[in-house]
Amino acid sequence: MKYYLLLILILSACVSQETKVNSHQSNVHYNLALELAQNALYQNSLDEFTKAISLDPNNMNAYRKKGLVHFGLRQYDEAEKLFVKAISLDPHNAQAHINLGMVKYYTGDKVAAKNLWQKSVNLKTDDNDSKALNNIANLYKEDKNYKKATEYYLLAKNQDSGNTMYLNNLADTLRLQGELEQANLILKNSLKLNPRGVNTNFYIGMVYRDLKEYGKAMEFFKKSLRIASFPEAHFQIAQIEFSMKNRGSALKSIESAIQSSPKNLKYQNFRDIISPS
């Protein structure tokens, strides 16, 4: 009799565990969490992701998206755990590998980041791995290996030809290699896709600066500033103004750069150079 009672208890416990999985309700909370995150209600979003996971512990997307919210809040330990869990549920998910790579990058482990991004590319799924290609290119650009950076930016662009970030990154790398005409052509195409692109206007300004067409350079730096606060544009304007003997204007521009980025030593040093002794 005791054996049967024990068996019934075990079976009922199994049924109880099964009834806890509710994929439909999990997705309801998941979709609400996405909406809350889009409206910058991050804690509410995290709460809804937690509910989604509790209703379906195999909801891989809930782990990954919850990780993205933690990542955006710079809560890297929590984000890493969630991305690792997502990968354990779906080892072939390219985006989860890309996301985990971003955590590694921002916590200083660039080697692990690169390996994860390369792995996401090597998975060869139907998922878009252009972000991984762009990220790998960024690493090469940081190391001033512009040839390899260009190679990977081109791969990213070929997967997503309308992505202005990839176009801008490619163009700026070409600029750094002295390919100014080609860089300008790519940037003008990027500008057609997004006329209000801050980086696009800024990078066009950099091309004209390198061409020593300072009037046009100033024009595009100022365009970028009309779209959004961008301290590097103020710095570039200050340099041009100082080279043209406009010390007063240069000081105003560099002060604007410092106001936007108070801890930037490059800006502070330039102010010290151009300030009257």
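Cut-off values and rules
- Residues numbered from 1 in each chain as written.
- Predicted model: local features only at pLDDT ≥ 70, side-chain atom pairs only at ≥ 80, totals over all residues.
- Heavy atoms only, no water.
- Helix = DSSP H or I, 4+ residues; strand = E, 2+ residues; numbered from the N terminus.
- Rg over C-alpha atoms; globule rule 2.2 N^0.38 Å.
- Contact = heavy atoms within 4.5 Å.
- Areas by Shrake-Rupley, 256 points an atom, 1.4 Å probe, with all protein chains shown as cover.
- Lys, Arg positive; Asp, Glu negative; His and termini not counted.
- Charge placed at Lys NZ, Arg CZ, Asp CG, Glu CD.
- Core = buried A, V, L, I, M, F, W, Y, C linked by side-chain atoms within 4.5 Å.
- Buried < 20%, exposed > 50% of the residue type's maximum accessible area, 1.4 Å probe, protein only.
- Phe/Tyr/Trp six-rings, centres within 6.5 Å; stacked < 30°, edge-to-face > 60°.
- Lys NZ or Arg CZ within 6 Å of the ring centre and 35° of its normal.
- Polar contact = N/O pair within 3.5 Å; in protein donor to acceptor, adjacent residues only side chain to side chain.
- Expected span 1.5 Å × (residues − 1).
- Axes fitted to C-alpha atoms, helices over the stretch in contact; angles between N-to-C directions.
- Parallel < 35°, antiparallel > 145°, perpendicular 65-115°, else oblique.
- Left-handed = near helix turned anticlockwise from the far one by under 90°.
- Nonpolar A, V, L, I, M, F, W, Y, C, P; charged D, E, K, R; others polar.
- pLDDT = per-residue confidence, 0-100.
- Salt bridge = Lys/Arg side-chain N within 4 Å of Asp/Glu carboxyl O.

Let us look at the overall build of the protein. Of regular secondary structure, the protein possesses 16 helices and zero strands. Over its C-alpha trace the protein gives a radius of gyration of 25 Å, far above what one expects of a compact globule, namely 19 Å for 277 residues. Counting only C-alpha atoms, the protein reaches 100 × 40 × 30 Å along its principal axes. Here the contacts in the protein between residues at least 6 apart in sequence split such that 45% fall between residues at least 24 apart. Accessible area of the protein: about 15,700 Å², with a carbon and sulfur share of 53%. Charge separation in the protein, taken as the distance between the mean sites of 36 positive and 27 negative side-chain charges, equals 4 Å.

Burial of nonpolar side chains together is a common tendency in soluble globular proteins. Judged by nonpolar contacts, the single largest core of 61 residues is most densely connected at W117, F202 and F221. Residue contacts for F221: discarding those within four places in its chain leaves F202, G205, M206, A233, Q236, I237 and I240. Ranked by size, the runner-up nonpolar core spans ten residues in total, among them A250, L251, Y267 and F270.

Here the structure, examined in full by the defined rule, presents 14 aromatic pairs. Taking the centre distance of 5.6 Å and the plane angle of 55° together, the rings of F71 and Y76 count as tilted. Residues F71 and Y76 agree in their burial class; the two are buried. Note on F235 and F270: the rings are 5.5 Å apart at their centroids and 80° apart in plane angle, and the pair reads as edge-to-face. Placement of F235 in helix α14 (residues 231-243) and of F270 in helix α16 (residues 265-274) is noted, with a sequence separation of 35 residues between them. In this structure F270 comes out as buried when scored by relative accessible area, which is 11%. A network of ring pairs unites the aromatic residues F71, Y76, Y105, Y106 and W117 as a single cluster. A cation over a ring is seen here: K223 above F220, with NZ or CZ 4.6 Å from the ring centre.

Of note, D129 is situated in the loop between α7 (110-122) and α8 (130-142). Since its relative accessible area comes to 9%, D129 is described here as buried. A distance of 2.6 Å separates the side chain of D129 from the side chain of Q159, its partner in a polar contact. Sequence-distant contacts of D129, defined by excluding residues within four places in its chain, comprise I98, S120, V121 and Q159.

Here helix α4 (residues 60-72) contains 13 residues, and its C-alpha end-to-end distance of 19 Å stays within 8% of the 18 Å for a straight helix at 1.5 Å per residue. For α4, every residue scored as buried is listed here: M60, A62, Y63, R64, K66, G67, V69, H70 and F71. Of the surrounding secondary structure, the elements contacted by the buried residues of α4 are α2 (23-38), α3 (42-55), α5 (76-89) and α6 (94-106).

So, on to the packing of α4 against α6. For the pair α4 and α6, interaxial distance at closest approach is 11 Å and the crossing angle is 20°. Of the possible angle classes, the one that applies to α4 and α6 is roughly parallel. For the pair α4 and α6, the sense of crossing is left-handed. In this structure, α4 uses R64, L68 and F71 to contact α6, whose residues at the interface are Q95, A96, N99, M102, V103 and Y106. Residues that form the contact of α4 with α6 fall into these classes: six nonpolar, two polar and one charged.

With that out of the way, let us pick up the confidence of the model for the protein. Here the protein averages 92 in pLDDT, and 92% of its residues register 70 or above. Under a pLDDT of 50 for its full length, residues 7-11 has, in the predicted model, zero contacts with residues more than four places off or in other chains.

Okay, the pattern of salt bridges next. Inspection of every chain in the model, using the stated rule, returns twelve salt bridges. In this structure, E213 and K216 form a salt bridge, with 3.7 Å as the shortest nitrogen-oxygen distance. In this structure, E219 engages K223 in a salt bridge whose closest nitrogen and oxygen atoms are separated by 3.6 Å. Note that E219 and K223 are positioned in helix α13 (residues 214-227) at a spacing of four residues, about one turn of the helix.

This part takes up α13. The terminal C-alpha atoms of α13, which comprises 14 residues, lie 20 Å apart, in line with the 20 Å expected from a rise of 1.5 Å per residue. Buried within α13 are the following residues: A217, M218, F220, F221 and S224. Looking at the buried side of α13, the elements it contacts are α11 (180-193), α12 (198-210) and α14.

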